[in-house]
Amino acid sequence: MSPDSYLVGLVGSGIAPSLSPALHEREADRQGLRYLYRLIDIAALGVPPERTGELVRSARAMGYDGLNITHPCKQQVLAHLDALSPQAEALGAVNTVVFEGDRAIGHNTDVTGFAASFARGLPDAPLERVVQLGAGGAGAAVAHALLGLGAGRLTVLDAVPERAAALAASLDRHFGPGRAASADLLDIADRTAGADGLVNATPIGMAAHPGMPLPADLLHPGLWVAEVVYRPLETALVRTARLLGCPTLDGGGMAVYQAADSFRLFTGREPDTARMLADIAALTSAR
């Protein structure tokens, strides 16, 4: 394709409500680029996550410049890439694949995306004790971001206890002993009762996975609540927490900042994040 023409896509499950195409294409239009962003929904295609590698190879053969990767493929894609950025390698998860000649290079822009959103939306939030729900691809990125922001103690809970334990062990190796721990979901009441903040890094709350990731009666006004899900922008968790008086952070900022970083990797152009934040506000309001 020409230097000013780009073909990219998003691989994941239940991604029809995604605003990524609009975010990328609007910014590209303002920069005078021809930019097509396609959705590759494995649920609609009837393709299991284990075949993510086939989709990556097909996209490269079809002339794609790159792909975004989302749930449940961020870890499945690892074995099918030629190289990883240091951050993606540390996380063990990829959300952006750039095709460079015959090579597929994996990156992760979720860490910087969440960190930038948190610093903007909850700048004064206490970080001594934080509870995180979810230890998958998004969870690994959020955990790295939180500890990088200075969280004193991060407790990770997941429906698969072994996955939470593995993430906590990895975080301790990377950030130093005692910074992270895992806990059983049965202990969630005790963990949230004494926490400064709670982050939902599970898909629960998405349009395709509606509901709350924990019982509503575990929320309390002394707890800030951050969300990774952005479609809908106001999830059941954000809405409930806000009504209880909790400081809240929706997933829109993370979606914008990670998209901006991916846009930069795909095109080499500098995106305007202020314009993109206005875009997501308009898009979510319109829908």
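Residue numbering note: each chain is counted from 1, following its sequence as written. With the structure being a predicted model, the display of local features is reserved for residues of pLDDT at least 70 and the display and counting of side-chain atom pairs for 80 or more, all residues being used for whole-chain, interface and lining totals. Excluded from the side-chain calculation are hydrogens and water; included are all heavy atoms of the structure.

> Outline the overall build of the protein, listing residues and values.
Counting secondary structure elements, the protein contains 11 helices and 12 strands. All radius of gyration figures rest on C-alpha atoms, and the globule criterion is 2.2 Å times the number of residues raised to 0.38. Against the compact-globule benchmark of 19 Å for 287 residues, the protein has a radius of gyration of 18 Å, which places it among compact chains. Structurally, the protein occupies a C-alpha span of about 55 × 40 × 35 Å along its principal axes. Relative to its 287 residues, the protein shows a buried fraction of 53%. Taken as a whole, the protein presents about 11800 Å² of accessible surface, with 53% of it coming from carbon and sulfur. If you average the places of the 23 positive and of the 30 negative side-chain charges in the protein, the two averages end up 3 Å apart. Note on conventions: DSSP H or I runs of at least 4 residues are helices, E runs of at least 2 residues are strands, and numbering of each starts at the N terminus. Burial classes follow relative accessibility: with a 1.4 Å probe on protein chains only, a residue under 20% of its type's maximum area counts as buried, one over 50% as exposed, and anything between as partly exposed. Accessible surface is estimated by sampling points in the Shrake-Rupley manner with a 1.4 Å probe; for residues, cover comes only from the protein chains shown. Under this rule, positive means Lys or Arg and negative means Asp or Glu; His and the chain ends count for nothing. Charge positions come from single atoms, namely NZ of Lys, CZ of Arg, CG of Asp or CD of Glu.

> Residues and numbers for the environment of Ala 255, please.
Mapped onto the elements of the fold, Ala 255 is located in helix H10 (residues 252-267). Through-space distance from the C-alpha of Ala 255 to that of Thr 267 is 18 Å; in sequence the pair is 12 residues apart. We call two residues in contact when some of their heavy atoms are within 4.5 Å. If we skip the residues at most four places from it in the chain, Ala 255 touches Leu 23, Tyr 230 and Ile 280.

> Quick rundown of the side chain of Ser 5? Include the residues and the values.
Relative to the helices and strands, Ser 5 resides in strand E1 (residues 5-12). Note on Ser 5: relative accessible area 9%, which makes it buried. Look past the residues within four positions of Ser 5 in its chain and what remains in contact with it is Arg 34 and Asp 65.

> Quick rundown of H10? Include the residues and the values.
To estimate how far a helix should reach, multiply one less than its number of residues by 1.5 Å. The first and last C-alpha atoms of H10 sit 22 Å apart over 16 residues, in line with the 22 Å expected at 1.5 Å per residue. Within H10, 14 of the 16 residues are buried, leaving the element largely enclosed by the surrounding structure. Two residues or fewer after H10 comes Gly 268, characterised by a positive phi angle close to 75 degrees.

> Quick rundown of the packing of aromatic side chains? Include the residues and the values.
Geometry of aromatic contacts follows a simple scheme: Phe, Tyr and Trp rings, the Trp one being its six-membered ring, pair when their centres are within 6.5 Å, and the pair is stacked under 30 degrees between planes, edge-to-face over 60, tilted otherwise. Evaluated as defined, the whole model comprises 4 aromatic pairs. Aromatic pair Tyr 6 and Tyr 35: ring centres 6.0 Å apart, planes at 45 degrees, arrangement tilted. Of this pair, Tyr 6 sits in strand E1 while Tyr 35 sits in strand E2 (residues 34-41), and the two are 29 residues apart along the sequence. Across the pair, exposure class does not vary: Tyr 6 and Tyr 35 are buried alike. Between Phe 118 and Trp 224, the ring centres sit 5.0 Å apart and the planes meet at 70 degrees, which makes this aromatic pair edge-to-face. Of this pair, Phe 118 sits in helix H5 (residues 110-121) while Trp 224 sits in strand E11 (residues 224-227), and the two are 106 residues apart along the sequence. Both residues of the pair, Phe 118 and Trp 224, count as buried. Through successive ring pairs, a cluster of aromatic residues spans Tyr 6, Tyr 35 and Phe 263.

> Summarise the nonpolar core; cite the residues concerned and give the values.
Counting 32 residues, the largest nonpolar core has Phe 114, Leu 146 and Trp 224 as its most contacted members. At the level of elements, H5, helix H6 (137-148), strand E8 (153-157), helix H7 (161-175) and E11 are the ones that each hand at least two residues to this core. In terms of residues, this core owes the most to one element, H6, which gives 8 residues. Here Trp 224 is in contact with Phe 118, Leu 122, Ala 125, Pro 126, Leu 127, Val 130, Leu 146, Asp 196, Gly 197, Leu 198, Val 199 and Pro 247, once residues within four sequence places are set aside. Judged by nonpolar contacts, the second largest core, of 19 residues, contains Val 11, Ile 40, Leu 55 and Tyr 64. Among the buried residues, those of types Ala, Val, Leu, Ile, Met, Phe, Trp, Tyr and Cys that are joined through side-chain atoms within 4.5 Å form a nonpolar core.

> Account for the pattern of salt bridges, naming residues and giving values.
We define a salt bridge as a side-chain nitrogen of Lys or Arg found within 4 Å of a carboxyl oxygen belonging to Asp or Glu. Evaluation of the coordinates by the stated rule reveals 14 salt bridges. Between Asp 279 and Arg 26 there is a salt bridge, with its nearest N and O atoms 3.5 Å apart. A residue pair is termed long-range when its members are at least 10 positions apart, and Asp 279 in helix H11 (residues 273-286) and Arg 26 in helix H1 (residues 20-30) qualify at 253 residues. Given the relative accessible area of 6%, Asp 279 is considered buried. Arg 26 sits in the partly exposed class, given a relative accessible area of 36%. For Asp 110, the salt bridge identified is with Lys 74, shortest N-O distance 2.7 Å.

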